[in-house]
Amino acid sequence: MSESDTPFRAPVGTHDVWGPAAALWEGLVSTFAESAYRYGFSLIVSPLFEDVGVFVSGIGEASDVFRNETYVFSDRGDRRYALRPEGTASVVRAFIQHHPTTPFKAWYVTPAFRYERPQKGRYRQHHQLGAEAIGTSDPAIDVEVIALAHSFFRAVGLTKFRLLLNSMGDENCRPAYVALLSEFLEGRETELCDEHQTKWRANPLRVLDCKKPSCIAVIKEAPRLIDHLCDDCEAHFARVRAGLDQLGLTVEIEPRLVRGFDYYTRTTFEFVSDALDAAQNAVGGGGRYDKLVERLGGSPTGGIGFGSGIERLLLAREAEGVDTPLLKRNLDVFVVDTTGADVATAIAAELREAGLAVDRSYDERSMKAQMKVADKSGARLAVLVGPDELASGEVTIRDLRRRDSATDQSRAKREAVVATVTELLVNVQKND
Ligand code: HAM
């Protein structure tokens, strides 16, 4: 049956992760876990669905992501739930529910569901690596969160990316800016893109990150929020910039960077890859959300975090031509058994017990068929047992990568299989 005849396929905008891509995926997750632990973050796992109110209050009922993209459903008990379109609101809900000591620093890996028009780099189920730090408004944590993202991108081999930074102000300075922006847009309405000519009043800030050339041209002349920050926001922004500078991180101030969720205050940032198409070039983004804990029913508490799309990271690595593996995922040994007595079960168990990665053949196939599988498996060594070895209480060990060398094959006592294989592996790996 060819793939196109299969009765069921993964839903539109989703994909299966398997084969070599899965190894890279695993490598990204473990590299992120390592980076996050180095910055003092520990893992949080929370449900993939939440009371719809978490996202209504969290990301904002009027946000594009909630209105047009969030999967909302009723369960059999008539409760209204939503599949998480992003990770932050759930982590904040968990923070309020469990009262951890602050700052609460948590990292996560999660699917995120958004009903978008699928295209390369944009999916209905994508996967995010993210980190949230809740319980302090110190600009030093903004710097740390951004530095964590930066060091992670470098650790996975990316170099062609830029860090864009902006401040969204807060409830003291943003309303006056929005009024100023509205006044400006009122006079330029007819020059905006078709969509924003009619919609800009609902949320004038959205026009700032419109990608249409007509809106971009108008926005170039618009007042900038960073020129209208209140003193506290200005001081916070200055300390974030100074901290990033101290770490040697180059930033580009991007006044148009407003991002898509209602919860952002003050610092916002995005990492864009120059190796990807402009429409889907964000490999990560985030910001501060000092009002979100209150919006979800907690007491006033500041927070900041970021999320990075695994699929985007893989595309960016490919586009940059980065092919370094992130994780060693090779078999050490493949056991070939033609005794008919299933000696492979015991040998594989002993080798695995010794910490080696081992696979074996099944279904009592011929020596030739089993060797074919062994060759394909990527294992470094094969341990062979046939009737001959069984009779003499031995095994044959074969180097699967150096077939022509005189030393490619040796015999070992059955009871010494673990010691011999371990020693041989050390030797062959030294010479690799
Ligand atoms: P976001 O910018 O919507 O932020 O998503 C974070 C990252 O997820 C993006 O930079 C991109 O790499 C990836 N991404 C987003 N949507 C898609 C999609 N449809 N297909 C593929 N990849 C996608 C957030 O979600 C915030 N929760 C980040 C944050 C954490 N802010 C504060 N804390």
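Below is a summary of the structure that appears in this document. (Residues numbered from 1 in each chain as written. Predicted model: local features only at pLDDT ≥ 70, side-chain atom pairs only at ≥ 80, totals over all residues. Heavy atoms only, no water.)

1. Here we look at the sheet that holds strand S7 (residues 161–167)
Thinking step 1. Ordered in space as S1-S5-S6-S11-S10-S9-S7-S8, the 8 strands form an open sheet in which the pairing is mixed. Sheet topology places strand S1 (42–43) and strand S8 (251–253) at the edges, where each strand pairs with a single neighbour.
Thinking step 2. The strands that helix H4 (residues 88–98) touches are strand S5 (104–113) and strand S6 (125–134); relative to S6, the one it contacts most, it runs at about 40 degrees. (Pairing = 2+ DSSP bridges. Helix = DSSP H or I, 4+ residues; strand = E, 2+ residues; numbered from the N terminus. Contact = heavy atoms within 4.5 Å. Axes fitted to C-alpha atoms, helices over the stretch in contact; angles between N-to-C directions.)

2. Considerations on the sheet that holds strand S2 (residues 49–51)
Thinking step 1. In space, the 3 strands of this open sheet follow the order S2-S4-S3, with antiparallel pairing throughout. Edge strands, defined here as strands with exactly one partner in the open sheet, are S2 and strand S3 (72–74). Pairs of neighbouring strands in the sheet enclose a mean axial angle of 35 degrees, with direction left out of account.
Thinking step 2. Alignment of S3 against strand S4 (residues 80–83), held across 3 bridges, turns out to be antiparallel. Pairing of valine 72 across the sheet is with alanine 82, part of S4.
Thinking step 3. Contacting S2, S3 and S4, helix H2 (residues 52–60) runs over the sheet at an angle of about 80 degrees to S2.

3. Quick word on the packing of aromatic side chains
Thinking step 1. Considering all chains together, one arrives at 18 aromatic pairs under this definition.
Thinking step 2. Centroid distance phenylalanine 49 to tyrosine 81: 5.0 Å. Interplanar angle 70 degrees. Geometry classified as edge-to-face. Of this pair, phenylalanine 49 sits in strand S2 while tyrosine 81 sits in strand S4; the two residues are 32 residues apart in sequence, bridging distant segments of the chain.
Thinking step 3. Owing to a relative accessible area of 40%, phenylalanine 49 belongs among the partly exposed residues under this scheme.
Thinking step 4. For tyrosine 81, a relative accessible area of 18% gives the class buried.
Thinking step 5. Put simply, the rings of Phe32, Tyr37, Trp107, Phe152, Phe153, Phe161, Phe269, Phe271 and Phe306 touch in pairs and so form one group of aromatic residues. (Phe/Tyr/Trp six-rings, centres within 6.5 Å; stacked < 30°, edge-to-face > 60°. Buried < 20%, exposed > 50% of the residue type's maximum accessible area, 1.4 Å probe, protein only.)

4. What to know about the pairing of strand S10 (residues 282–288)
Thinking step 1. Buried residues dominate S10, accounting for 6 of its 7 residues.
Thinking step 2. Bridging between strand S9 (residues 265–273) and S10 involves 6 bridges; their strand directions are antiparallel. Bridge pairing links phenylalanine 271 to glycine 284 in S10.
Thinking step 3. Both S10 and strand S11 (residues 303–309) contribute to a ladder of 4 bridges, which runs antiparallel. Across the sheet, the residue bridging to glycine 286 is phenylalanine 306, located in S11.

5. Some remarks on the pattern of salt bridges
Thinking step 1. If you walk through the whole model with that rule in mind, you get 28 salt bridges.
Thinking step 2. Put simply, aspartate 170 and arginine 266 hold a salt bridge, and the shortest N to O gap is 3.7 Å. Separated by 96 residues along the polypeptide, aspartate 170 in the loop between S7 and helix H6 (174–188) and arginine 266 in strand S9 bring together distant segments of the chain.
Thinking step 3. Classification of arginine 266 as buried rests on a relative accessible area of 13%.
Thinking step 4. One connected set of salt bridges, linked through shared partners, spans Asp142, Arg288 and Asp290. (Salt bridge = Lys/Arg side-chain N within 4 Å of Asp/Glu carboxyl O.)

6. A look at helix H12 (residues 310–320)
Thinking step 1. Judged by how many residues are buried, H12 sits mostly within the fold: 9 of 11 residues are covered.
Thinking step 2. By the burial criterion, the buried members of H12 are Ile310, Glu311, Arg312, Leu313, Leu314, Leu315, Ala316, Arg317 and Glu320.
Thinking step 3. Trailing H12 by a residue or two, glycine 321 shows a phi angle of about 75 degrees, which is positive.

7. Digging into H6
Thinking step 1. Along its 15 residues, H6 runs 21 Å from first to last C-alpha, staying within 8% of the 21 Å computed at 1.5 Å per residue.
Thinking step 2. Within H6, the full set of buried residues consists of Arg174, Tyr177, Leu181, Ser182, Phe184, Leu185 and Arg188. For H6, the angular spread of buried residues about the axis comes to 170 degrees, placing them on one side. Of the residues in H6, the exposed ones pointing more than 90 degrees away from the buried face are Ala176, Glu183 and Gly187.
Thinking step 3. In this structure, the buried residues of H6 make contact with helix H8 (205–208), helix H9 (213–219) and S9. (Expected span 1.5 Å × (residues − 1). Arc of directions from axis to C-beta.)

8. Quick word on unusual backbone geometry
Thinking step 1. Look at the link from threonine 102 to proline 103: it is a cis peptide, with omega at -5 degrees.
Thinking step 2. Within the secondary structure, proline 103 is located in the loop between H4 and S5.
Thinking step 3. Despite not being glycine, aspartate 78 shows a phi value in the positive range, around 60 degrees.
Thinking step 4. The topology assignment puts aspartate 78 in the loop between S3 and S4.
Thinking step 5. The class for aspartate 78 is exposed, based on a relative accessible area of 66%.
Thinking step 6. For arginine 266, which is not a glycine, the phi torsion comes out positive at approximately 50 degrees.

The quantities given are spatial measurements derived from coordinates; they are silent on function.
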